[in-house]
Amino acid sequence: MKKLASRRKNVVDPLALKAGDYVVHETHGIGRFVELVSREVSTGGRNAVKTSREFLLIEYAPSKRGYPGDKLYVPTDQLDLLTRYVGGEAPQLSKMGGSDWAAAKGRARKAVRDIAVELVKLYSARMASKGHAFPPDTPWQRELEEAFPFAETPDQLTTIDEVKADMERPIPMDRLIAGDVGFGKTEVAVRAAFKAVQDGKQVVMLVPTTLLVRQHLETFTERFAGFPIQVRPLSRFQTAAESKEIIKGIGDGTVDVVIGTHRLLTDGISFKDLGLVIIDEEQRFGVEHKDALTKLKTNVDILAMSATPIPRTLEMAVTGIREMSTLATPPEDRHPILTFVGPYSDKQVGAAIRRELLREGQIFYVHNRVSSINRVAAQLAELVPEARIAVAHGRMPEHALEQVIVDFWERKFDVLVSTTIIETGLDIPNANTLIIDRADKYGLSQLHQLRGRVGRGRERAYAYFLWDETKPLSETAHDRLSTIAANNDLGSGMQVALKDLEIRGAGNLLGGEQSGHIAGVGFDLYLRMIGEAVSTFRGEVAEGQTELRLELPVDARIPETYVDSERLRLEAYQKLSAASGPNAADDALDSVREELTDRYGEPPAEVQNLLAVSRLRRTAQRAGLSEVVVLGQNLRIAPADLPDSRQVRLQRMYPRSRVLPQASALLVPLPGVDGRQPEDPELIAWVAELLQAIFATEPAATPR
Ligand SMILES: Nc1ncnc2c1ncn2[C@@H]1O[C@H](COP(=O)(O)OP(=O)(O)OP(=O)(O)O)[C@@H](O)[C@H]1O
């Protein structure tokens, strides 16, 4: 089984932290970041040395009602104990070290275990089941692929290869393609479907809306032209007679590829020899279809597509449970969509429509209320009399709706006034202006999907996210709109989706019922729990992070004289913290040192010490230590249940060292000349040599 990638925490990104942001501390729970402060601390017991260190000041709930909130100072070299809180509306602050945080974690852990069991069951069932191994590409496959009218993007090529390799394996494929809107996911599906049909298998493609059925039917039919492949649609658009004939063809194998909505998940549909299930926007299929989907997906290859990118942390939490490919590069000469956010005005709307008409383009105007959509269309007709305007919404009779879309496609209309029914997938390359009159009413990923309806060709596209100036914007609505306006470069789906997770609460990615638990502990910790639960459940040791206390009386920090910006100091501490984690690459700290030198010049003594202490931190963590602390004249190391051979070696090297068996700790007197402590670098080097001698984990990390 594929080793689970170690769960790199989504360590708090100090750059993104601003006062008031919520963070989650492993031990203390959900707190609010106040500011970065530097404080004088004395370490080293009796002959204490005062050094100034920087801390993140985090505020917690008051331990008693009416008191001010408790304060936690997190040293900058322990950033990895903090993660950003993502999980919906403003969370409840935890009481420091209180039982409420432990209880919230306990509840989440229980819920997580249920998910983990579910995920592993699916995985194991898939691993145990005998899938169909498709043969290598046929000559016709190459002919089909050479007929593609564009140059594939590198990600398309990689993804297509990964999909084919999965299909040729005897284990059933379960691959998710996450790609920003318009990045060419459909072409991957076309080639996978062709490969399956070449081997005599049937293919089903499930899409969320009737319009997408129509569109994908057009694409597949066009791409398969010249090959004897029967592609059929199945949705409420088909008459009873047509449906009956298609369902018969599915059963007797004369239909090779069927593209349909959840209509395909109703009873009475059985395939003669199904080999590949393609699902577009799976998360849009309601829980009522879950069982039918699971039945359909058993023992066949699955290719899921999503334009709502899956956050990295979720991808890693389910790593090994299903494969993922990402289409992150846009087709060439695709331009970012110019996005305007502001109050509605007739003047601006009229100008936008006229500009598009001037270049013979078309316009989507989204108004999401069926009851007033005709009035809006009439207003637009007055505003721009020369524009040919049509209306489309989901309550129209099926054929009338389809006819309007086809007419719009065939450029019989200039402006399509519609509800969000155009939201997913609709591909009309000539429509390059999108106007949404109440943009504040939509979630981020919905706005992103809608925006993805324009700019799918080579033309520069425009999106207008407007709101009714007579109705004030809510804080989150304003946040949403400024996020989408800020993220308008290509492939900004990830940022938009992540922000959306924050605002809408991340539950719907893992099942609505989970959102309460996610809100309780934060999205990142929740996902890490899933990953740990999955790996524990599968008998792999979850790499829990031992919280290492490393305290030496040395001046190890980044002085303001070296890096004057607080933000940049935080960024450097974060990089050091990531580079000194137990799984960090051996040269990770060297590259941090090089970067610091490049950006700020030769590091001063304090920073040299900080680098050396970071090396120590990594050594100590790799040795699984929880304590390396100077107490008085001794260095205390724990746990230190050493085998005898090591104890002998230790006594020989450090005759005055003592093992405290009951505390499973080790006390080694500090080297000092007539009571004077060695200089910082010497002390750090001495500790490095000691750890190396005892744990022989890596060559002594001598500070450079
Ligand atoms: N490599 C490419 N170069 C240029 N255009 C491409 C490329 N691949 C696909 N296209 C075109 O880009 C448009 C969008 O492709 P497609 O519909 O597959 O995107 P998508 O990722 O499925 O979008 P959505 O998420 O909206 O469904 C289509 O017109 C398609 O023909």
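Remember, predicted model here, so these are calculated numbers, not experimental data.

Draft legend 1. Up close: the overall build of the protein. Looking only at helices and strands, one finds 22 helices and 23 strands in the protein. Counting contacts in the protein only where the partners sit at least 6 residues apart, residues at least 24 apart contribute 76% of the total. Entry remark: accessible area of the protein is about 30,800 Å², with carbon and sulfur atoms responsible for 52%.

Draft legend 2. Structural view of the site of the ligand. Around the ligand sit 20 residues, and of these Gln-156, Lys-185, Thr-186, Asp-427 and Arg-453 come closest. Here an oxygen atom of the ligand sits 3.2 Å away from a polar atom, N or O, in the main chain of Gly-184. With respect to the ligand, the side chain of Arg-456 contributes an N or O atom lying 2.9 Å from an oxygen atom. Notes on the ligand: free accessible area 630 Å², of which the protein chains cover 90%. Residues belonging to the shell around the ligand are distributed by class as follows: seven nonpolar, six polar and seven charged. In this structure, the shell around the ligand is formed jointly by two domains, domain 2 (139-327) and domain 3 (338-489), each of which donates at least three residues.

Draft legend 3. The packing of helix α20 (residues 605-622) against helix α22 (residues 680-695), seen in detail. Orientation of α20 relative to α22, taken along the N-to-C sense of each, is 15 degrees, at an axis distance of 10 Å. In terms of axis orientation, α20 runs roughly parallel to α22. Regarding α20 and α22, the two cross each other, and that crossing is left-handed. Residues Asn-609, Ala-612, Val-613, Leu-616, Thr-619 and Ala-620 of α20 touch α22, and the partners they reach there are Asp-680, Pro-681, Ile-684, Val-687, Ala-688 and Leu-691. Grouping the amino acids of the contact of α20 with α22 by side-chain chemistry returns nine nonpolar, two polar and one charged.

Draft legend 4. A look at unusual backbone geometry. Its identity is not glycine, yet Glu-360 carries a phi of approximately 60 degrees, on the positive side. Along the chain, Glu-360 turns up in the loop between α9 (346-358) and β14 (362-366). Classification of Glu-360 by relative accessible area gives exposed; the value is 65%. Of note, Arg-411 is a non-glycine position whose phi angle comes to about 60 degrees, a positive value. Locating Arg-411 in the fold gives a position in the loop between α11 (398-409) and β16 (415-418). With relative accessibility at 48%, the residue Arg-411 sits in the partly exposed group.

Criteria and thresholds
Residues numbered from 1 in each chain as written. Predicted model: local features only at pLDDT ≥ 70, side-chain atom pairs only at ≥ 80, totals over all residues. Heavy atoms only, no water. Helix = DSSP H or I, 4+ residues; strand = E, 2+ residues; numbered from the N terminus. Contact = heavy atoms within 4.5 Å. Areas by Shrake-Rupley, 256 points an atom, 1.4 Å probe, with all protein chains shown as cover. Near = heavy atom within 4 Å. Polar contact = N/O pair within 3.5 Å; in protein donor to acceptor, adjacent residues only side chain to side chain. Nonpolar A, V, L, I, M, F, W, Y, C, P; charged D, E, K, R; others polar. Domains from an automatic or database assignment. Axes fitted to C-alpha atoms, helices over the stretch in contact; angles between N-to-C directions. Parallel < 35°, antiparallel > 145°, perpendicular 65-115°, else oblique. Left-handed = near helix turned anticlockwise from the far one by under 90°. Buried < 20%, exposed > 50% of the residue type's maximum accessible area, 1.4 Å probe, protein only.

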